[in-house]
Amino acid sequence: MKSDKKTRLRDIILIASLAVLGLVLLVVMRPSSESGSTAVVQVDGVVIARYPLSEDGIHVLNGGLNTIEIKDGKVRMMEAHCPNHECVHQGWISRGHQSIVCLPNKLVVTIEGDNSVVDFTL
Amino acid sequence: MQSRKISQIGVLTALAMVLSYVESLFPAFIAVPGIKIGLANIAVIFALYRLGFREALGISVVRVVLSSLLFGSVLSLSYSIAGALISLVVMYLLKRIRLFGIVAVSVAGGVSHNLGQIGMACLILQTGAIVYYVPVLILSGVASGVVIGLVSSTVLSRLGEEDADE
């Protein structure tokens, strides 16, 4: 293995710049601090339902494949018929830019604020 | 020589399968889906450095197809293969320009793997809502890439032999 000093230095520069890029994007694209007002449910890119976060409730979606629960201004995936239940493990979301994804069922829950759908600027 | 190469490809494919399986045993303990260590990538990087691009490609594709069928689903196959292919091409090119060591190659592979997966997930879900995962996926790609790169580099130097010349 050639691991001369120059190679090692270039390695460190590449790795560090990727890490910095990640951190910068993390700050730029962080969830907005204000709580959203609406949970938007999309299946296959089509909005199938919107629920105000102010109204607590349990909603069965997507032909019974997914069930979301809204409580205290937050929303979570309560039940899902999918292999890994990663969407259920994601827990509660309440702020803009946050989302719950159920990839096997092609379902995405996002939070919309009062202002607009896309409100991050680079 | 040829039969030796074939048997090495077989062993590495089996090893990649085992590593995939071991990784699938870990529960989804992190809140963001898609974050993985990518243990199987050790076998792929080993193949890339020791055998060559085509051999690594073969191992990677067989590994992804088989492990998706065994432990995942047809849908998971689509985004796994997107990640695996992009990652392998990026690692190959980066290795080929001979400027970087294994750890940097592995990090670039980890990051591009995650970006490839989320790109495919965006296509499948027909939504841009998940682009907000990108920063986390870049960071997790860097972290897992460093770990996998260090392990691969140790394995390669312990099994000291000629590099694949490509």
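Scroll up to find the structure.
In this report, the structure presented in the accompanying data block is examined.

Parameters at a glance
- By convention here, each chain's residues receive numbers from 1 onward along its written sequence.
- Labels are handed out in written order, letters beginning with A for the chains and numbers beginning with 1 for the ligands.
- Only residues with pLDDT of at least 70 get local features here, since the model is predicted, and only at 80 or more are side-chain atom pairs given and counted; chain-wide, interface and lining totals rely on the full set of residues.
- Only hydrogens and water are set aside when side-chain values are computed; all heavy atoms of the structure are taken into account.
- Here a residue-residue contact requires only that any non-hydrogen atoms of the pair lie within 4.5 Å.
- The term buried area refers to how much accessible surface (probe radius 1.4 Å) is lost by two components on association, counted for both of them together.
- For this document, the term salt bridge refers to a Lys or Arg side-chain nitrogen within 4 Å of an Asp or Glu carboxyl oxygen.
- Think of a polar contact as two N or O atoms within 3.5 Å of one another; within protein, one of them needs to be a possible hydrogen donor and the other a possible acceptor, and neighboring residues in sequence only count if both atoms come from side chains.
- Numbered from the N terminus, helices here are DSSP runs of H or I no shorter than four residues, and strands are runs of E no shorter than two.
- Polar here means any residue outside two lists: the nonpolar Ala, Val, Leu, Ile, Met, Phe, Trp, Tyr, Cys and Pro, and the charged Asp, Glu, Lys and Arg; Gly therefore counts as polar.
- In this analysis, strands are considered paired if DSSP registers two or more bridges between them.
- Working convention: axes come from line fits to C-alpha atoms, limited for helices to the stretch in contact. Angles between N-to-C directions cover 0 to 180 degrees.
- Each patch groups residues whose relative accessible area exceeds 30% and which form no salt bridge, using 9 Å between like charges and 5 Å between nonpolar side chains of Val, Leu, Ile, Met, Phe, Trp and Tyr.
- Each accessible area is a Shrake-Rupley estimate made with a 1.4 Å probe; only the visible protein chains count as cover when residues are assessed.
- Relative accessibility decides the category of a residue: with a 1.4 Å probe and only protein chains considered, values under 20% of the type maximum give buried, values over 50% give exposed, and everything between is partly exposed.

### Let's talk about the interface of chain B and chain A
Alright, step 1. Taken residue by residue, the interface counts 37 residues in chain B and 32 residues in chain A.
Alright, step 2. For the pair chain B and chain A, the two sides together bury roughly 3,000 Å², of which 74% comes from carbon and sulfur.
Alright, step 3. Three residues stand out in chain B for area buried against chain A, namely Leu125, Tyr132 and Leu139 of chain B, and they jointly supply 21% of the buried area on that side.
Alright, step 4. Inspection of the region where chain B meets chain A yields 0 salt bridges.
Alright, step 5. Taken together, the links from chain B to chain A amount to 5 residue pairs in polar contact (both at pLDDT 80 or more).
Alright, step 6. Counting residues per element, the ones that place at least two in the side of chain B that touches chain A are helix 4 (74-96), helix 5 (102-125) and helix 6 (134-158) of chain B.
Alright, step 7. Classifying every residue of the side of chain B that touches chain A by side-chain character gives 29 nonpolar, 5 polar and 3 charged.

### So, the sheet that holds strand 4 (residues 66-71) of chain A
Residues and elements named next belong to chain A.
Alright, step 1. With respect to topology, 3 strands assemble into an open sheet ordered 3-4-5, the strand pairing being antiparallel. Either end of the sheet is taken by a strand with one partner, and the two such strands are strand 3 (57-61) and strand 5 (74-80). Within this sheet the neighbouring strands show an average axis-to-axis angle of 25 degrees, counted without direction.
Alright, step 2. Alignment of strand 3 against strand 4, held across 5 bridges, turns out to be antiparallel. Along strand 4, the bridge assignment pairs leucine 61 with asparagine 66.

### A short note on a nonpolar patch on the surface
Residue and element names in this part refer to chain B.
Alright, step 1. A cluster of nonpolar residues, Val18, Val22, Phe26, Ile37, Val147 and Val151, forms a patch on the protein surface that exposes about 450 Å² of accessible area.
Alright, step 2. For the nonpolar patch, the secondary-structure elements that each account for two or more residues are helix 1 (2-25) and helix 6.
Alright, step 3. In this fold, valine 18 is placed in helix 1.

### Concerning the side chain of glutamate 55 of chain B
All names here are of chain B.
Alright, step 1. Mapped onto the fold, glutamate 55 is located in helix 3 (residues 53-71).
Alright, step 2. The exposure class assigned to glutamate 55 is buried, which follows from its relative accessible area of 11%.
Alright, step 3. In terms of polar contacts, glutamate 55 uses its side chain to reach the side chain of lysine 5, at 2.9 Å.
Alright, step 4. Contacts of glutamate 55, omitting those with residues within four sequence positions, involve Lys5 and Ile9.

The values reported here are purely geometric and, on their own, carry no functional implication.
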